[in-house]
Amino acid sequence: MLSNVAFTFITLISSGLSLLVAVTLLLIMFIYIRYNQDIIFLLMINTYMAMFVFSFMVFFVNIHVFKADLYGFIDLNTNELNACRLQGFLIYVTFACCYMSFVLQAFYRFTRVVYTKQRIFQSFSFYIICILLQWIMCFLLLLPPYLWPNMIYALYKYDYYCGMVYGNFGALMYSGVVMYISPVIFLSIIYTRLMFFIRHQTSNLLQTRQMKRAHRDFTVIRRILFIVNTLTLPGIPNCIFTLMVNIDPNISGSYYMYRIQWMLPAVGVMIFSIALVIMTPQFKTLIFDTINYNHNRVVPMEHGKIERQINTTQLEENRF
């Protein structure tokens, strides 16, 4: 009982902190993007929106789990069970959107370096369409297990929320490929191709520029390792639990497996929501500009315009 509450409490704290971070940064980015059609911040908004919806769903579900742990669980009627299954499905969809949003960011970083003359890849409206397609595709790709006649999404009887039980090996493997494996593969391909391109270009540059590119090279490698590790690690325990349950179905629900199922992803999203600010130079510049702006007095309109232009220029210079 106490261990169940502890796992739920960790999930609640992690998702709650992610919500606070995501809401704060989304407000700042929405204000900025009203005046600047910046693709990087558009893609960051997409990432933080996915984090926000995922964290909200996890937080909302675990509030009910926490209440059930403390006060007991009441059997669900048909409508409540359908709502429970839908909540479980939306958690999977929003988590997949978190992953795919990083693929879009990688795609933009790749095209602006390699295909600088292709204007469509630098179009603000093009990435709005890509974002819409990303959400639609994640929803549609994860829909088959939810609509499957055998009711793959079910209530975890002793954990008080709905999702895919570890005994459904085929459905879990399919969802794992959509959520974990395919985004990581896409990220690895894009960043590896980008690394080869940068290394090829540095060999044709002067020594001073070679050193600058080498520094950027190191930064890219560090970001790749962090992104791939963060995206992959939360899925490892779920893979282990799936294998364990399919070898011995009697241990389904043991070892707090369904409490851990979304705890680690929730912790990962919380860490990454903060780390993205540190890893993105133009994001840090925007945050510091926003903080400094609150301490400055009101300036004349023309001066404000010039100041905004200077800040925008600084953001452009800080881009990777």
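See the structure shown above.
Note that the structure is a prediction, hence the values are computed from the model and not measured.

Talk me through the state of the cysteines; I want residue IDs and the actual numbers.
Taken as a whole, this structure holds one disulfide when the rule is applied. Here cysteine 84 pairs with cysteine 162 through a disulfide, and the sulfurs are 2.0 Å apart. In this structure, the disulfide formed by cysteine 84 and cysteine 162 twists by about 115 degrees around the S-S bond and is classed as right-handed. Here cysteine 162 lies in strand S2 (residues 161–164) and cysteine 84 lies in helix H3 (residues 78–114), a separation of 78 residues in the sequence. With respect to class, cysteine 84 is no different from cysteine 162; both count as buried. As a non-bridged cysteine, cysteine 97 has cysteine 138 as the owner of its nearest cysteine sulfur, 3.8 Å distant.

Tell me what's going on with the side chain of asparagine 238, and back it up with residues and numbers.
Looking at the element boundaries, asparagine 238 is found in helix H8 (residues 236–247). The exposure class of asparagine 238 is buried, given its relative accessible area of 13%. From its side chain, asparagine 238 meets the backbone oxygen of glutamine 261 in a polar contact 3.5 Å long. Residues within four places of asparagine 238 in sequence aside, it is in contact with Tyr166, Tyr180 and Gln261.

Run through the pattern of salt bridges, naming residues and quoting values.
One pass over the structure, following the stated rule, counts two salt bridges. With its nearest N and O atoms 2.8 Å apart, the salt bridge here joins arginine 259 to aspartate 69. With arginine 259 in helix H9 (residues 257–260) and aspartate 69 in helix H2 (residues 39–71), this residue pair connects regions lying 190 residues apart in the sequence. Both residues of the pair, arginine 259 and aspartate 69, belong to the buried class.

Can you lay out a nonpolar patch on the surface for me, pointing to particular residues and giving the numbers?
Residues Ile128, Ile129, Leu132, Leu133, Ile136, Met137, Phe139, Leu140, Leu141 and Tyr174 make up a contiguous nonpolar surface patch of roughly 870 Å² in combined accessible area. No other element matches the nine residues that helix H4 (residues 124–141) contributes to the nonpolar patch. With respect to the helices and strands, isoleucine 136 occurs in helix H4. Taking the relative accessible area as the measure of exposure, isoleucine 136 reaches 45% and is therefore partly exposed.

Residues and numbers for the side chain of glutamine 105, please.
Residue placement: glutamine 105 occurs in helix H3. Glutamine 105 sits in the buried class, given a relative accessible area of 9%. Among the polar contacts made by the side chain of glutamine 105, one reaches the side chain of threonine 47 at a distance of 2.7 Å. Setting aside anything within four residues of it in sequence, one finds glutamine 105 in contact with Leu43, Met44 and Thr47.

Which residues make up the packing of aromatic side chains, and what values go with them?
Inspection of every chain in the model, using the stated rule, returns 28 aromatic pairs. When the centroid spacing of 5.6 Å and the interplanar angle of 85 degrees are considered together, the rings of phenylalanine 107 and phenylalanine 121 count as edge-to-face. With phenylalanine 107 in helix H3 and phenylalanine 121 in the loop between H3 and H4, this pair connects stretches of sequence that are 14 residues apart. On the accessibility criterion, phenylalanine 107 (26% relative accessible area) is partly exposed. An aromatic cluster is built from Phe54, Phe89, Tyr92, Phe95, Tyr99, Phe139, Tyr146, Tyr153, Tyr180 and Trp262, whose rings are joined through pairwise contacts.

So what's going on with the packing of H3 against H4? Which residues, and what values?
Packing of H3 against H4 brings their axes to within 9 Å, and their N-to-C directions diverge by 145 degrees. Helix-helix and strand crossings are classified by hand; for H3 and H4 the assignment is right-handed. Of the residues in H4, those touching H3 at Phe89, Val93, Thr94, Ala96, Cys97, Met100, Ser101, Leu104, Phe107, Tyr108 and Thr111 are Phe126, Tyr127, Cys130, Ile131, Gln134, Trp135, Cys138 and Phe139. Grouping the amino acids of the contact of H3 with H4 by side-chain chemistry returns 15 nonpolar, four polar and no charged.

What counts and how
- Residues numbered from 1 in each chain as written.
- Predicted model: local features only at pLDDT ≥ 70, side-chain atom pairs only at ≥ 80, totals over all residues.
- Heavy atoms only, no water.
- Disulfide = S-S within 2.5 Å.
- Helix = DSSP H or I, 4+ residues; strand = E, 2+ residues; numbered from the N terminus.
- Buried < 20%, exposed > 50% of the residue type's maximum accessible area, 1.4 Å probe, protein only.
- Polar contact = N/O pair within 3.5 Å; in protein donor to acceptor, adjacent residues only side chain to side chain.
- Contact = heavy atoms within 4.5 Å.
- Salt bridge = Lys/Arg side-chain N within 4 Å of Asp/Glu carboxyl O.
- Patch = residues over 30% accessible without salt bridge, like charges linked within 9 Å, V, L, I, M, F, W, Y side chains within 5 Å.
- Areas by Shrake-Rupley, 256 points an atom, 1.4 Å probe, with all protein chains shown as cover.
- Phe/Tyr/Trp six-rings, centres within 6.5 Å; stacked < 30°, edge-to-face > 60°.
- Axes fitted to C-alpha atoms, helices over the stretch in contact; angles between N-to-C directions.
- Left-handed = near helix turned anticlockwise from the far one by under 90°.
- Nonpolar A, V, L, I, M, F, W, Y, C, P; charged D, E, K, R; others polar.

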